[in-house]
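# Coordinate analysis (summary)
Listed below, chain by chain, are the residues.
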Amino acid sequence: MPVPILCHECRQGRYQVQGPDSYDCRVCGSLVTAAAFPLGDDERLVVLADILQALSVPEGHQVATPDRRCHAPHLGASLALALRFDETRPVYPPGTAGAAAELLATLDADERGPWVLSPAHLDALTRAMDVRYAALPSASRQYPEFDAEIRNAHARSRAHRT
Ligand SMILES: [Zn+2]
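Residues numbered from 1 in each chain as written. Predicted model: local features only at pLDDT ≥ 70, side-chain atom pairs only at ≥ 80, totals over all residues.

## Description of the domain arrangement of the protein
Many analyses report the size of an interface as the accessible area lost when the parts associate. This is how it is decided: What fixes the domain bounds is an automatic or database domain assignment.
Domains assigned within the protein are domain 1 (3-56) and domain 2 (62-161). Here the C-alpha centre of domain 2 lies 30 Å away from the C-alpha centre of domain 1.

Here you go:
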């Protein structure tokens, strides 16, 4: 879960986006850039609802940020279809369908993201996209840019593993 960063000056306000790489405190107006926030290897800065937040990203995980409301249901539809298919003809290697079900629940609970996806989640998701798009080619034309973002994240997670 992302955690809002508290103002370094007044310790009360949160930072809102002021310009490119510039954030100001909502309470005292103190102005900073991202360089003011030293982050660990497993942390990223994200802006959610206009507020600067720190997001914890474990090693090998990738962040996917939906920029449209329909992105969560779009991915969810692929996962739901793949899980349904998996009951009659195997879509997922033994023991891996759980990651798909878990991710589906995550997307239902948090439509706005950003989502921190494990390599197992990304495997399950891209497999689900392949299944859905083979069955419903029109679905693959709905959000090609977002789909490409997911496939790139999957590729990065695989590169990390080897
Ligand atoms: Zn402040």
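From this point, the discussion proceeds with the structure in view.
## Some details on the nonpolar core
Put simply, the rule is: In plain words, the nonpolar core is the set of buried Ala, Val, Leu, Ile, Met, Phe, Trp, Tyr and Cys residues that C-beta atoms within 7 Å link up. Between the buried cut of 20 or more and the exposed cut of 12 or fewer other C-beta atoms within 10 Å of a residue's own C-beta lies the partly exposed class, and all C-beta atoms are placed from the backbone. In DSSP terms, a helix is any run of H or I states spanning at least four residues, a strand is any run of E spanning at least two, and both are numbered starting from the N terminus. Two residues qualify as a contact pair if the distance between their C-beta atoms, derived from the backbone, is within 7 Å.
One finds Leu-79, Ala-82, Ala-100, Leu-103, Ala-124, Leu-125 and Ala-128 to be the most contacted residues of the largest nonpolar core, which totals 22 residues. In terms of residue count, helix H3 (residues 119-135) provides more of this core than any other element does, six residues in total. Not counting residues within four places of it along the chain, the set of residues in contact with Ala-82 comprises Val-91, Ala-100, Arg-127, Ala-128, Val-131 and Arg-132.

## As for unusual backbone geometry
With an omega of 0 degrees, the peptide bond running from Gly-113 to Pro-114 counts as cis. When you line up the elements, Pro-114 lands in the loop between helix H2 (97-109) and strand S8 (115-117). One non-glycine residue with positive phi stands out, namely Arg-11, at about 60 degrees. In this structure, Arg-11 sits in the loop between strand S1 (3-4) and strand S2 (15-19). Judged by local crowding, Arg-11 falls into the exposed class, with 10 C-beta atoms found within 10 Å.

## Section: the environment of Leu-52
Within the fold, Leu-52 resides in strand S6 (residues 51-56). Here the alpha-carbon distance between Leu-52 and Leu-103, two residues 51 residues apart in the chain, equals 25 Å. Not counting residues up to four positions away in its chain, the partners in contact with Leu-52 are Ile-5, Tyr-15, Tyr-23, Leu-45 and Val-47.

## Overview of the environment of Cys-7
Looking at the secondary structure, you find Cys-7 in the loop between S1 and S2. Its 19 C-beta neighbours within 10 Å are what place Cys-7 among the partly exposed residues. Considered as a pair, Cys-7 and Asp-108 are 101 residues apart in the sequence and their alpha carbons are 32 Å apart.

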